[in-house]
Amino acid sequence: MERTLSIIKPDATQNGVIGKIIDRFESNNLRIAALKKLQLSQADAEQFYAIHKERPFFKDLVEFMVSGPVVVMVLEGHNAVSKNRELMGATNPKEAAKGTIRADFAQSIDANAVHGSDSLENAKNEIAFFFSEREIY
């Protein structure tokens, strides 16, 4: 079993689609092993997205991620990382396949509804950022 991190971003939480997004995961054999709703601080968002610090969109990304509450989850299942990324769809919702989370719920390339780990190594680090091992069931 693999684990991956998923974040339902502020645009999706504010639009009331948390349950619809969670249903996509559960309906596709990704089990929720941990879940919490929280408000990221500026420092949290900057640290979590530090890999993008030198990119031109970093400031806007951090500002967006602190604009409202997020839901962070550990998803568990067979090929969880790739399955989650398939369910999310392309970063730009205009390029996302029909029926993916971003095609159905994202507003723009910036407000794109969800984040998902892009590798097993990053999943491990991202999960540890938000959850202690005792919080994951």
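Use the structure listed above.
Nothing here was measured: the structure is a model prediction, and the numbers come from that model.

Draft legend 1. View of the overall build of the protein. Each helix and strand in the protein was counted, giving seven helices and four strands. Written out in order from the N terminus, the α and β elements of the protein read β-α-α-β-α-α-β-α-α-β-α. Along the first, second and third principal axes, the C-alpha set of the protein runs to 35 × 35 × 25 Å. Looking at the 137 residues of the protein, the share that counts as buried comes to 46%. Within the protein, contacts between residues separated by at least 24 positions form 77% of all contacts whose residues are at least 6 apart in sequence. Accessible area of the protein: about 7500 Å², with a carbon and sulfur share of 48%. The averaged location of the 19 negative side-chain charges in the protein is 3 Å from the averaged location of its 17 positive side-chain charges.

Draft legend 2. How the structure looks around the layout of surface pockets. Estimates place the volume of the largest pocket at around 760 Å³. Looking at the largest pocket, it is lined by 25 residues, and the ones nearest its centre are Tyr49, His52, Phe57, Leu61 and His115. The element contributing the most residues to the lining of the largest pocket is helix H7 (residues 120-130), with four residues. Residue composition of the lining of the largest pocket, grouped by class: eight nonpolar, nine polar and eight charged.

Draft legend 3. Region of interest: the pattern of salt bridges. Taken as a whole and judged by the stated rule, the model has six salt bridges. Residue Arg3 pairs with Glu133 through a salt bridge whose shortest N-O separation is 3.0 Å. Of this pair, Arg3 sits in strand E1 (residues 2-8) while Glu133 sits in the segment after H7, and the two are 130 residues apart along the sequence. Looking at Arg3, the relative accessible area reads 27%, which means it is partly exposed.

Draft legend 4. How the structure looks around the environment of Ala33. With respect to the secondary-structure elements, Ala33 resides in strand E2 (residues 31-38). The exposure class assigned to Ala33 is buried, which follows from its relative accessible area of 4%. C-alpha separation for the pair Ala33 and Lys98, spaced 65 residues apart in sequence, amounts to 27 Å. For Ala33, the residues in contact, after removing those within four places along its chain, are Val74, Glu76, Glu135, Ile136 and Tyr137.

Draft legend 5. Up close: the pairing of E1. Along E1, five of the seven residues are buried, which leaves the element largely enclosed by surrounding structure. Relative to strand E3 (residues 70-77), E1 runs antiparallel, the two being bridged by seven bridges. Bridge assignment links Arg3 to a residue of E3, and that residue is Glu76. Summarising the sheet, E1 and strand E4 (residues 114-116) pair through three bridges and their orientation is antiparallel. Residue pairing for E4: Ile7 is matched across the bridge by His115.

What counts and what doesn't
Numbers given to residues run from 1 along each chain, matching the order in which its sequence is written. Only residues with pLDDT of at least 70 get local features here, since the model is predicted, and only at 80 or more are side-chain atom pairs given and counted; chain-wide, interface and lining totals rely on the full set of residues. Based on all heavy atoms of the structure, the side-chain values leave hydrogens and waters out of the count. Where helices and strands are cited, they refer to DSSP runs of H or I of at least four residues and of E of at least two residues respectively, numbered from the N terminus. Exposure classes here rest on a 1.4 Å probe applied to the protein chains alone. A residue is buried below 20% of its type maximum, exposed above 50%, and partly exposed in between. In what follows, a contact means two residues having at least one pair of non-hydrogen atoms within 4.5 Å. Shrake-Rupley sampling with a 1.4 Å probe provides the accessible areas, and residues are treated as covered by the protein chains on show and by no other component. Charged residues are defined narrowly, with Lys and Arg counted positive, Asp and Glu counted negative, and His plus the chain ends left uncounted. In plain terms, the charge of a residue is placed at NZ if it is Lys, CZ if Arg, CG if Asp and CD if Glu. Using only the protein atoms, space was sampled on a 1 Å grid; points where a 1.4 Å probe fits but cannot get out form cavities, open sets with protein on both sides within 12 Å along at least five of seven lines form pockets, and lining residues are those with an atom within 4 Å of a point. Grid points are joined across faces, edges and corners, and a volume is the space filled by probe spheres set on the points. Basically, the charged four are Asp, Glu, Lys and Arg, the nonpolar ten are Ala, Val, Leu, Ile, Met, Phe, Trp, Tyr, Cys and Pro, and anything else, Gly included, counts as polar. Salt bridges are identified by distance alone: a Lys or Arg side-chain nitrogen within 4 Å of an Asp or Glu carboxyl oxygen. Being paired, for any two strands, means DSSP has found at least two bridges between them.

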